[in-house]
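Next come the chains, spelled out residue by residue.
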Amino acid sequence: MTVSKLQRERLAYKRSRSRRSTLVALLSTAVFAVVGYFTVTRAPGWPRVRESFFNVEIAWRSLPAVLEGLWLNLRVLLVCGVLILVLALGIAAVRTLRGPVWFPLRVLATAYVDLFRGLPLIILLYLVGFGLPALRLAGVPNDYVVLGGAALVMAYTAYVAEVFRAGIESVHPSQVAAARSLGLDPRKTMRLVVLPQAVRRVLPALLNDFVALQKDCGLISVLGAVDAVRAAQIEQARSYNFTPYVVAGLLFVLLAVPSARFADAVSRRAERRQGGR
């Protein structure tokens, strides 16, 4: 394939603009970093803040305990993520059912979503973590990790169900009509035609909810579960220094950043796919 002179000039111009934009971005970032560094380090209270929040010795000493707690957060995240996807998909499917016979189920699903989307997560954690065991019902667990995970599942199922419902309703009715004309029953139409398209369209939003769930898994510490946040609290009580909290926060950031960048990449890919249509 022969590239014309005009095309070569256009490509060279785009490359030069890209290099210049990259250089400007690097310089501006460096300037902001230098200004921020000197603004913070020249503050009158910086030595005390550095000792209280950025003590390297205490950070290394608390790191093993915080990492052990983070492993609990990761296990809770994995189990809750699977349960949320399954339950949310079921609730979304119920909310999209048509016909008066399904009205009671639609009302129940809508009430669930409205309740748990509106209830603050911290209050839900207290209600589930301390309220359920107080009922002394047979079969109700007393493990705060299980109770905290249940509260997370309740809350995030409501959010993710709405994401799934938006994806299902975005599929054009002609797709359903075409599937039915081929002899597919409603269940197979939903499973083979509607859901694949719906999930593909809402995947960026689902990944963003997953990133939010990563952070909120640390809230199970309010029930007494020794996760990364609770481990940091224990280490802080021993040293009377807030550096363990910073360590826990940085570990959560290290978990969230790759997931966030992956979500951004999926969003850009979806936008390019839609733009190419």
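Let me sum up the structure you'll find in this document.

Criteria and cut-off values
Residues numbered from 1 in each chain as written. Predicted model: local features only at pLDDT ≥ 70, side-chain atom pairs only at ≥ 80, totals over all residues. Heavy atoms only, no water. Helix = DSSP H or I, 4+ residues; strand = E, 2+ residues; numbered from the N terminus. Rg over C-alpha atoms; globule rule 2.2 N^0.38 Å. Buried < 20%, exposed > 50% of the residue type's maximum accessible area, 1.4 Å probe, protein only. Contact = heavy atoms within 4.5 Å. Areas by Shrake-Rupley, 256 points an atom, 1.4 Å probe, with all protein chains shown as cover. Lys, Arg positive; Asp, Glu negative; His and termini not counted. Charge placed at Lys NZ, Arg CZ, Asp CG, Glu CD. Salt bridge = Lys/Arg side-chain N within 4 Å of Asp/Glu carboxyl O. Axes fitted to C-alpha atoms, helices over the stretch in contact; angles between N-to-C directions. Parallel < 35°, antiparallel > 145°, perpendicular 65-115°, else oblique. Left-handed = near helix turned anticlockwise from the far one by under 90°. Phe/Tyr/Trp six-rings, centres within 6.5 Å; stacked < 30°, edge-to-face > 60°. Disulfide = S-S within 2.5 Å. Core = buried A, V, L, I, M, F, W, Y, C linked by side-chain atoms within 4.5 Å. Expected span 1.5 Å × (residues − 1). Patch = residues over 30% accessible without salt bridge, like charges linked within 9 Å, V, L, I, M, F, W, Y side chains within 5 Å. Nonpolar A, V, L, I, M, F, W, Y, C, P; charged D, E, K, R; others polar.

With that settled, consider the overall build of the protein chain. Each helix and strand counted, the protein chain has 10 helices and 0 strands in total. Reading the protein chain from its N end, one meets helices and strands in the order α-α-α-α-α-α-α-α-α-α. Taking 2.2 N^0.38 as the reference for a compact globule, 277 residues should give roughly 19 Å; the C-alpha atoms of the protein chain span a radius of gyration of 25 Å, well beyond that estimate. Each principal axis of the C-alpha distribution contributes one length, and for the protein chain these read about 80 × 75 × 25 Å. In the protein chain, which comprises 277 residues, the share counted as buried stands at 32%. Restricting to contacts in the protein chain with at least 6 residues of sequence separation, those with at least 24 account for 74%. If you sum the accessible surface of the protein chain, you get close to 17,700 Å²; carbon and sulfur atoms cover 67% of it. Looking at charge distribution, the protein chain has the averaged site of its 34 positive side-chain charges lying 12 Å from that of its 15 negative ones.

On to the pattern of salt bridges, then. Once the charged atoms of two side chains with opposite charge are near each other, the side chains can pair. The tally for this structure, following the rule as stated, stands at 5 salt bridges. The salt bridge involving Glu-57 is made with Arg-61; its shortest N-O contact spans 3.9 Å. One end of the pair is Glu-57 and the other is Arg-61, both in helix α3 (residues 56-95) and 4 residues apart, which spans about a single turn. When the shortest N-O distance is used, the salt bridge between Glu-169 and Arg-165 registers 3.3 Å. With Glu-169 and Arg-165 both in helix α6 (residues 144-170), this residue pair falls 4 residues apart, about one helical turn. Linked by salt bridges that have partners in common, Arg-95, Glu-162, Arg-165 and Glu-169 make up one network.

Take the environment of Leu-11 next. By secondary structure assignment, the location of Leu-11 is in helix α1 (residues 5-41). The spacing of Leu-11 and Leu-119 is 108 residues in sequence and 54 Å in space, taken between C-alpha atoms.

For any two helices packed against each other, the geometry is given by the interaxial angle and the distance between the axes. The interhelical angle for the contact between helix α4 (residues 103-118) and α6, taken along N-to-C directions, is 120 degrees, at an axis separation of 8 Å. In this view, α4 runs oblique relative to α6, as classed from their interaxial angle. Here α4 and α6 pass one another in a crossing that is left-handed. Contact residues: α4 offers Tyr-112, Val-113, Phe-116 and Arg-117, while α6 offers Val-153, Met-154, Ala-155, Thr-157, Ala-158, Tyr-159, Ala-161 and Glu-162.

A complete count under the given rule lists 8 aromatic pairs for this structure. On the basis of an interplanar angle of 55 degrees and a centroid distance of 6.0 Å, the ring pair of Tyr-156 and Tyr-159 is categorised as tilted. Placement of the pair is Tyr-156 and Tyr-159 together in helix α6, with a separation of 3 residues, close to one helical turn. Residue classification places Tyr-159 among the partly exposed positions, given a relative accessible area of 36%. Each member of the aromatic cluster is reached from another via a ring pair, and the members are Phe-53, Phe-242 and Tyr-245.

Enumeration over the complete set of coordinates arrives at 0 disulfides. Free of any disulfide, Cys-80 has its nearest neighbouring cysteine sulfur in Cys-217, separated by 5.6 Å.

A separate point is the nonpolar core. Core analysis: the biggest nonpolar cluster contains 38 residues, and Val-76, Ile-84, Leu-121, Leu-124, Leu-152, Phe-164 and Leu-213 have the highest contact counts within it. Listing elements by their share of this core, those giving two or more residues are α3, α4, α5 (121-135), α6 and α8 (186-216). Among the elements that line this core, the one with the most residues is α6, at 12 residues. Ignoring sequence-local partners within four residues, the contact set of Leu-124 consists of Phe-116, Leu-119, Ala-151, Met-154 and Ala-155.

Turning to α5, a few remarks are in order. With 15 residues, α5 ought to run about 21 Å at 1.5 Å a step, and its terminal C-alpha atoms sit 21 Å apart, in line with that. Within the sequence span of α5, burial applies to Leu-121, Leu-124, Leu-125, Val-128 and Gly-129. As for α5, its buried residues are in contact with α4, α6 and α8. Residue Arg-136 follows α5 closely and has a positive phi angle near 55 degrees.

With that settled, the discussion passes to a nonpolar patch on the surface. Among the surface-exposed residues, Leu-78, Val-79, Val-82, Leu-83, Val-86 and Leu-87 lie close enough to one another that they form a single nonpolar patch of about 560 Å² accessible area. Position of Leu-78 relative to the elements: it lies in helix α3.

It is the contact of helix α7 (residues 173-181) with α8, at a shortest axis distance of 10 Å, that shows an interaxial angle of 140 degrees. Relative to α8, the element α7 lies oblique. The interaxial crossing formed by α7 with α8 has right-handed handedness. Every residue of α8 that contacts α7 at Gln-175, Val-176, Ala-179 and Arg-180 is listed here: Pro-186, Thr-189, Val-193, Val-194 and Gln-197. Residue classes in the contact of α7 with α8 are distributed as 5 nonpolar, 3 polar and 1 charged.

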